[in-house]
Amino acid sequence: MATGLSKNEKLGKDAITAASPHRDPHPLPAGNATPVLEYANRLSKGDMAKRLDASFQTVAKNGISKPATIKPNSLVLSDNLFALHDMAASGQRVTLFYLDPPYNTGMDFHSRGLEHSYNDDRDVAVYVEIMRRRLFMMREVMTDNGSIYVHIGHQMLFHLKMVMDEIFGPENFRNMITRRKCSSKNFTKHQFANLNDYILFYTKSDDYTWNQPGERPDEEWIAKEYPKKDERGRYKLVPIHAPGTRGGATGGMWRGQMPPPGKHWQYTPDRLEDMDKAGEIRWSRTGNPRRKVYLTDEKQVPYTDYWNDFRDAHHQSIPITGYPTEKNFDMLRMIVGASSNPGDLVVDPFCGSGTTLHAAQELGRRWIGIDQSFTAVKTAIKRFRHGVEAMGDFVDRKKGGAGQIIDLFGSRDADELARKTPRKETNFDFDFMVDEELLNTYPTEIAGLASG
């Protein structure tokens, strides 16, 4: 067990361990040195800032395209590094980045329809440098009051923590959030169950957008914090005095008694009289007055850095797109609400099925989503135009099944699933933009995406 020093104990700067550092002939790093990961072809910040040229075109439903720079409310098919450089060149400024990049799990991912989505298998140094160059550009286009949330698994968590410290500065680290991603059924035979993934939350400066999010407290918390009841509901008792002396009415006599020494009444005696008549003051047996504070329906408690209620889809009634690694909609809605305001620009550079963009649209933010997976972009376009469906538990439609669907909980009639309503209609306007090089290479496929 780690222990601290008592107030009577004091160590000098060099008395860190039992062994004197003066016996080690090798000098330690300077006090202001920043640890970094070293590997071949690691670019300097100056080289990362050099413009990478890329041209983009807006592609309409009828297949007609025209050159354009990336603008808000666009879904972009591109390597996000080139898209970020284009945004920097055009002066776009982003208040909030949320990204759920590949975790480097060593696996390949497919959609519910068994379409290939992306490979997730990189050498560690390659992965780190890929992410480092993109995180640098995200900071370049971020507003001074901006924030970034990097959602990642255990595989690369600490590598990316070092990269984020290098790019954004350790002083701008806010939280390492632990998210419960699945139920307790995820057991393994020779190690502890892997139930969590993580979110690294950084800001660009100390002056960042923050709208404190909260959640409805559970019954255990309510019983502890509001332990008393009357005909009006649950309540707690709080003092009606505050530290500091006052010379006015709040420092004078009320009901024959003065405030405790060194304190003052929180309210004027007239206001205290009104509260007492309204039944909002409770007197103890010894004559000590305290105010009743009632629990309201709007009461919320701030979120901690452990998120237990934003798990991935696990029930047949949950509306999803079927894209692999799709994240919880309510979680993204909370993040967008906490770290941006209406009209701000929110960007997801690994946007997948578009959950972040959907949340931003609902909350009145502008948004840009970027992905280089054809399956991801197709899924996002379908979501924007047609909404999302209840999970339905099925993995794929099969021919010859007389209208049946193969699902995890037994087959059911296809018409029943087809009648399920989306979580929310999402037929909103957006531009579909494509890297010109991709457009020239895959014109037919991209025209099909645009018209889908």
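This one's a predicted model, so the numbers in the text were calculated from it and none came from an experiment.

Colleague: I tried to follow the pattern of salt bridges on my own but got confused; where do I start?
Modeller: The tally for this structure, following the rule as stated, stands at 18 salt bridges. Arg 179 is the salt-bridge partner of Asp 312, the closest N and O atoms lying 2.8 Å from each other. Note that Asp 312 is positioned in the loop between β18 (306–307) and β19 (319–320) and Arg 179 in strand β8 (residues 173–180), a separation of 133 residues in sequence. Residue classification places Arg 179 among the buried residues on the basis of a relative accessible area of 0%. Its salt-bridge partner being Arg 383, residue Glu 326 comes within 3.7 Å of it at the nearest N-O pair. With Glu 326 in the loop between β19 and α7 (329–339) and Arg 383 in helix α9 (residues 374–386), this residue pair connects regions lying 57 residues apart in the sequence.

Colleague: Could you clarify how one ought to interpret the sheet that holds strand β2 (residues 65–67) in this entry?
Modeller: Read from one edge of the open sheet, eleven strands run β2-β1-β26-β3-β21-β20-β4-β7-β9-β8-β18, paired in mixed fashion. A single partner strand is all that each edge strand has here, and the edge strands are β2 and β18. With seven bridges connecting them, β8 and strand β9 (residues 196–203) associate as antiparallel partners. Residue Ile 177 lies in a different strand from β9, and its bridge partner there is Ile 199. Against the sheet, helix α2 (residues 80–89) engages β1 (56–59), β3 (74–77), β4 (94–99), β20 (345–348), β21 (366–371) and β26 (431–435), with an angle of about 145° to β21.

Colleague: For this particular structure, what's the right way to read helix α8 (residues 355–362)?
Modeller: Every α-helix winds through 3.6 residues per turn, so residues three or four apart in the chain are directed the same way. Counted residue by residue, α8 has six buried out of eight residues, so it is predominantly covered. A positive backbone phi angle near 80° is found at Gly 364, which sits one or two residues after α8.

Colleague: Sorry if this is basic, but what is going on with the packing of α2 against helix α3 (residues 124–140) here?
Modeller: If you want to describe how two helices pack, look at the angle between their axes and the distance between the axes. Contact geometry for α2 and α3: axes closest at 10 Å, N-to-C directions at 20°. The pairing of α2 with α3 is recorded here as roughly parallel in orientation. For the pair α2 and α3, the sense of crossing is left-handed. Residue-level contacts link Asn 80, Leu 81, Leu 84, His 85 and Ala 88 of α2 to Arg 133, Arg 134, Met 137 and Met 138 of α3. Among the residues making up the contact of α2 with α3, the classes are represented as five nonpolar, two polar and two charged.

Colleague: Is there a simple way to think about the side chain of Asp 348 in this case?
Modeller: With respect to the element layout, Asp 348 can be found in strand β20. No salt bridge is formed by the buried Asp 348; its nearest oppositely charged neighbour, Arg 383, is found at 9.2 Å. At 3.1 Å, the side chain of Asp 348 and the backbone nitrogen of Phe 350 are in polar contact. Excluding its chain neighbours within four sequence positions, the residues that come into contact with Asp 348 are Tyr 98, Leu 99, Thr 356, Leu 357, Ile 368, Gly 369 and Ile 370.

Colleague: How do you make sense of the packing of aromatic side chains when you look at a structure like this?
Modeller: The geometry of an aromatic ring pair is captured by the separation of the ring centres together with the interplanar angle, meaning the angle of the planes. Going through the model one piece at a time under the given rule, you end up with 17 aromatic pairs. Ring centres of Trp 254 and Trp 265 lie 5.9 Å apart, and the angle between their planes is 80°; on these two criteria the pair is classed as edge-to-face. Separated by eleven residues along the polypeptide, Trp 254 in the loop between β13 (241–243) and β14 (263–265) and Trp 265 in strand β14 bring together distant segments of the chain. Each member of the pair Trp 254 and Trp 265 is classed as buried. A centroid spacing of 5.7 Å and a plane angle of 40° characterise the contact between Tyr 303 and Phe 310, whose relative ring orientation is tilted. For Tyr 303, a relative accessible area of 22% gives the class partly exposed. Three or more aromatic residues joined by ring pairs make a cluster, and in this case those are Tyr 149, Phe 201, Tyr 208 and Trp 210. Residue placement shows Arg 232 over the ring face of Tyr 294; its charged tip is 4.3 Å from the ring centre. The residue whose ring lies beneath Lys 292 is Tyr 235, and the NZ or CZ to ring-centre distance is 5.0 Å.

Colleague: Is there a simple way to explain the side chain of Asn 172 in this structure?
Modeller: Secondary-structure assignment places Asn 172 in the loop between α4 (157–168) and β8. With near-sequence residues (within four places) excluded, Asn 172 lies in contact with Phe 201, Tyr 202, Thr 203, Lys 204, Ser 205 and Asp 206.

Colleague: Is there a simple way to think about the environment of Leu 43 in this case?
Modeller: Position of Leu 43 relative to the elements: it lies in the segment before α1 (45–49). Take Leu 43: its relative accessible area is 26%, and that puts it in the partly exposed class. Ignoring any residue separated from it by four or fewer positions in sequence, one finds Leu 43 in contact with Met 48, Glu 129, Arg 132 and Arg 133.

Colleague: Could you clarify how one ought to interpret the nonpolar core in this entry?
Modeller: Soluble, globular proteins show a tendency: their nonpolar side chains are buried together. Residues Phe 97, Leu 99, Leu 135 and Ile 148 are the most contacted members of the largest nonpolar core, which totals 42 residues. Counting only elements with at least two residues in this core, the list comes to α2, β4, α3, β7 (142–152), α4, β9, β20 and β21. With near-sequence residues (within four places) excluded, Leu 99 lies in contact with Met 131, Leu 135, Met 138, Ile 148, Tyr 149, Val 150, His 151, Asp 348, Pro 349 and Phe 350.

Colleague: Please clarify how the sheet that holds strand β16 (residues 289–294) should be interpreted in this entry.
Modeller: As summarised here, the arrangement of the four strands in space is β11-β12-β16-β15, forming an open sheet in which the pairing is antiparallel. Each having just a single partner strand, β11 (228–230) and β15 (281–283) make up the two edges of the open sheet. Neighbouring strand axes in the sheet, compared pairwise and without regard to direction, differ in orientation by 45° on average. As judged from the three bridges shared by β11 and strand β12 (residues 233–239), these two strands associate in the antiparallel manner. What sits directly across from Lys 229, in β12, is Arg 234.

How each quantity is defined
Residues numbered from 1 in each chain as written. Predicted model: local features only at pLDDT ≥ 70, side-chain atom pairs only at ≥ 80, totals over all residues. Heavy atoms only, no water. Salt bridge = Lys/Arg side-chain N within 4 Å of Asp/Glu carboxyl O. Helix = DSSP H or I, 4+ residues; strand = E, 2+ residues; numbered from the N terminus. Buried < 20%, exposed > 50% of the residue type's maximum accessible area, 1.4 Å probe, protein only. Pairing = 2+ DSSP bridges. Contact = heavy atoms within 4.5 Å. Axes fitted to C-alpha atoms, helices over the stretch in contact; angles between N-to-C directions. Parallel < 35°, antiparallel > 145°, perpendicular 65-115°, else oblique. Left-handed = near helix turned anticlockwise from the far one by under 90°. Nonpolar A, V, L, I, M, F, W, Y, C, P; charged D, E, K, R; others polar. Lys, Arg positive; Asp, Glu negative; His and termini not counted. Polar contact = N/O pair within 3.5 Å; in protein donor to acceptor, adjacent residues only side chain to side chain. Phe/Tyr/Trp six-rings, centres within 6.5 Å; stacked < 30°, edge-to-face > 60°. Lys NZ or Arg CZ within 6 Å of the ring centre and 35° of its normal. Core = buried A, V, L, I, M, F, W, Y, C linked by side-chain atoms within 4.5 Å.

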